[in-house]
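Topology and contacts: notes
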Amino acid sequence: MKKLPRVALIYDFDGTLSPGNMQEFGYMKAIGADKDAFWAENDRMTKDNDASGILCYMLLMLREAKRNGVSLSRDRFHDFGADVKLYEGVKDWFESIREYGRRVGLDIRHFINSSGLKEMIEGTPIARRFDAIYASSFLYDRQTGEPVWPAVAVDYTTKTQFIFKINKGIREVSDTSKINMFVAYDERPVPFSHMIYFGDGTTDIPSMKVVKDHGGHSIAVYKPGDEAAKNTAVKLIKEERVNFACPANYREGKMLDKLTRRILDKIAADNEFERLEKINQRRYNKQ
């Protein structure tokens, strides 16, 4: 059976697949927190300590859970993930796009690249759709099962490393050797030109720019009906940081679906062009 060219669709999570931050659903309900107060405290901690906002929110989650008598574990985070709301059409999107890819001769793979929590994403109904989930996560005490320290903190610059891991076919966050090995571009599992990046906010800008500048395609999505979010996406278009902007509605036949399918058509056509070009060059180079 012919091996199909691999294509990576890479997604941020909060604001991209979900209309809010994942902490704002089951987790905040469990600790009885107000989302505005929670994020205001996170901003204060970040600024007062000149610290990483990602590390601060992870500490704040642990602190507030302990203060409110809420026990945390991987399973509890999975439960919180199950309560996370998703944009319209998201649940059916991944298989629908994968099937379209097969029809045009492409092997579609889905990846998460998020500053949110991996453990919560793993609890969502769409978790099994992803080849890999690159996201922030905790280390856990082996005896109590409770989180004790950040294992991975993913911010706007950290996200770019996972683009290169996908490019080279590396799943492990902990890898520090294969990522630096030389691999010829035409031997990498997913060329940059075979990537589509979906993001919504400032933490996605470097990754969207990297994918776009390396020949791939980046799409800035925004919450339907949110003018401020739409203006942010439009600004990214004007600054040439992304290729496209459209509402985060993943239903079949909507703008995002049509746009993604046309990009896949282009990737398939470009791949066929390159294949024919190589065949032609080999034929005449022999003469």
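Refer to the preceding data block for the structure.
Everything in this summary refers to the structure shown in the same document. (Residues numbered from 1 in each chain as written. Predicted model: local features only at pLDDT ≥ 70, side-chain atom pairs only at ≥ 80, totals over all residues. Heavy atoms only, no water.)

Observations concerning the packing of aromatic side chains
Operational definition: Here the aromatic set is Phe, Tyr and Trp, taking the six-membered ring for Trp, and pairing holds for ring centres within 6.5 Å; pairs whose planes are under 30 degrees apart are stacked, those over 60 apart are edge-to-face, and all others are tilted. Segments assigned H or I by DSSP are reported as helices when at least four residues long, segments assigned E as strands when at least two residues long, and all are numbered from the N terminus. To sort residues, take the accessible area from a 1.4 Å probe on protein chains only and compare it with the maximum for the residue type: under 20% means buried, over 50% means exposed, and anything in between is partly exposed.
By the definition in use, this model includes 14 aromatic pairs. Measuring from centroid to centroid gives 6.3 Å for Tyr11 and Phe130, while their planes differ by 65°, and the two rings are edge-to-face. Of the two residues, Tyr11 sits in strand S1 (residues 6-11) while Phe130 sits in the loop between helix H6 (118-121) and strand S3 (132-140), which places them 119 residues apart along the sequence. The exposure class of Phe130 is buried, given its relative accessible area of 9%. The interplanar angle of 75° and the centroid separation of 6.3 Å between the aromatic rings of Phe77 and Phe80 together place this pair among those described as edge-to-face. Within this pair, Phe77 and its partner Phe80 are both found in helix H4 (residues 74-82), separated by three residues, close to a single helical turn.

Concerning the side chain of Ser136
Going by this rule: By the criterion applied in these results, polar contacts are pairs of N or O atoms within 3.5 Å in which, for protein atoms, one can donate a hydrogen and the other can accept it, and in which residues neighboring in sequence qualify only through two side-chain atoms. Any two residues whose heavy atoms approach within 4.5 Å are treated as being in contact.
Its place among the elements puts Ser136 in strand S3. The exposure class of Ser136 is buried, given its relative accessible area of 0%. A polar contact is formed between the side chain of Ser136 and the backbone nitrogen of Val154, at a distance of 3.0 Å. Filtering out sequence-adjacent residues up to four positions away, Ser136 remains in contact with Ile54, Tyr57, Met58, Ser114, Ser115, Gly116, Leu117, Lys118, Glu119, Val152, Ala153 and Val154.

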